[in-house]
Amino acid sequence: MTHPLAPADATPREIDEAMSALYLATLKAEHERAAQLSATHSAIGERARYVSRTRKEWPSSDADALAACRVLAAGTGGPAWEVRHAAQVVAGYDAAVAELACISAAIRPFADEYARRPWSRFFLVTSSNGHIHRDMACSTCHYTTTYGWLPSLSGKTEDDAVAEQGTRLCSVCFPSAPVEWTRGIERT
């Protein structure tokens, strides 16, 4: 996957628009990779054990399940339909991994250009209240936090961003951002 934009000739906004699209493509491919990896367990006949409402454990590791699924897909034992299913799962997993590698290669020139001439970036939290952060590593965020890029703000100064976005900006990332006073939960 190559991108038609030449990073050296592009503005911060153009580069971050491309990076935003590549970030979304990465999320989609990673989701597909994870789904296919989970399917390898099912293809070899394993059942997950739920340890909580949202977390499950498989009897074997992902690497072991993938290896066993590859053996099954090679046609060494099992009914023909199991072999075909295992082959489809392995092909889906390999395609997702290849897609991730292509996306990573497409991201590299843009990341290199950002490293060469860094500029301000802004990321919208999409998993909760829509706060805006300077990067995806703010101490107020969690590993489950999801983001959307805001390329329309790329390259702007903190003062310009504060004037435009105000209280939507994270006050940890942007110390000059105003903080709204909230009364918390109203009790009646």
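Parameters and conventions
- Residues numbered from 1 in each chain as written.
- Predicted model: local features only at pLDDT ≥ 70, side-chain atom pairs only at ≥ 80, totals over all residues.
- Heavy atoms only, no water.
- Helix = DSSP H or I, 4+ residues; strand = E, 2+ residues; numbered from the N terminus.
- Rg over C-alpha atoms; globule rule 2.2 N^0.38 Å.
- Buried < 20%, exposed > 50% of the residue type's maximum accessible area, 1.4 Å probe, protein only.
- Contact = heavy atoms within 4.5 Å.
- Areas by Shrake-Rupley, 256 points an atom, 1.4 Å probe, with all protein chains shown as cover.
- Lys, Arg positive; Asp, Glu negative; His and termini not counted.
- Charge placed at Lys NZ, Arg CZ, Asp CG, Glu CD.
- Phe/Tyr/Trp six-rings, centres within 6.5 Å; stacked < 30°, edge-to-face > 60°.
- Core = buried A, V, L, I, M, F, W, Y, C linked by side-chain atoms within 4.5 Å.
- Pairing = 2+ DSSP bridges.
- Salt bridge = Lys/Arg side-chain N within 4 Å of Asp/Glu carboxyl O.
- Disulfide = S-S within 2.5 Å.

Moving on, we come to the overall build of the protein chain. Broken down by element type, the protein chain carries four helices and five strands. For the protein chain, the α and β elements follow one another from N to C terminus as α-β-β-α-α-β-β-β-α. In terms of overall dimensions, the protein chain is more spread out than a globule: its C-alpha atoms have a radius of gyration of 22 Å, far above the 16 Å expected for 188 residues. With respect to the principal axes defined by its C-alpha atoms, the protein chain has extents near 65 × 60 × 20 Å. Within the protein chain, buried positions represent 32% of all 188 residues. A sequence separation of at least 24 residues applies to 55% of the contacts in the protein chain between residues at least 6 apart. As displayed, the protein chain has an accessible area near 11,700 Å², and 56% of this comes from carbon and sulfur atoms. When the 19 positive and 22 negative side-chain charges of the protein chain are each reduced to one mean point, those points stand 6 Å apart.

What follows covers the packing of aromatic side chains. In total, this model carries four aromatic pairs according to the counting rule given. Between Tyr114 and Trp119 the ring centres are 5.0 Å apart and the planes differ by 90 degrees, which places this aromatic pair in the edge-to-face class. Residue Trp119 is classed as buried on the basis of its relative accessible area, which comes to 10%.

This paragraph deals with the nonpolar core. Counting residues in hydrophobic clusters, the biggest one holds 29 residues, and the most contacted among them are Ile15, Phe110, Phe122, Tyr147, Leu169 and Phe174. At the level of secondary structure, the elements contributing two or more residues to this core comprise α1 (12-43), α3 (80-116), β3 (123-125), β5 (147-149) and α4 (158-165). In terms of residue count, α1 provides more of this core than any other element does, six residues in total. Counting seven residues, the second largest nonpolar core, distinct from the first, contains Ala43, Cys69, Val83 and Val89.

Strand order in the open sheet made by the three strands is β4-β3-β5, with antiparallel pairing throughout. A single partner strand is all that each edge strand has here, and the edge strands are β4 (132-133) and β5. Direction of pairing for β3 relative to β5: antiparallel, over a ladder of three bridges. Within the sheet, the bridge partner assigned to Val125 lies in β5 and is Tyr147.

Another point: the pattern of salt bridges. One pass over the full model with this rule turns up ten salt bridges. Note that Arg55 and Glu57 form a salt bridge whose closest N and O atoms lie 3.5 Å from each other. One salt bridge connects Lys156 with Glu164, and the closest N-O pair in it is separated by 2.6 Å. With a relative accessible area of 28%, Lys156 lands in the partly exposed category. A single salt-bridge network, built from bridges that share partners, covers Arg49, Arg55 and Glu57.

On to the state of the cysteines, then. Under the definition given, this model contains zero disulfides. The thiol of Cys173 is unpaired, and the distance to the nearest cysteine sulfur, on Cys138, comes to 3.6 Å.

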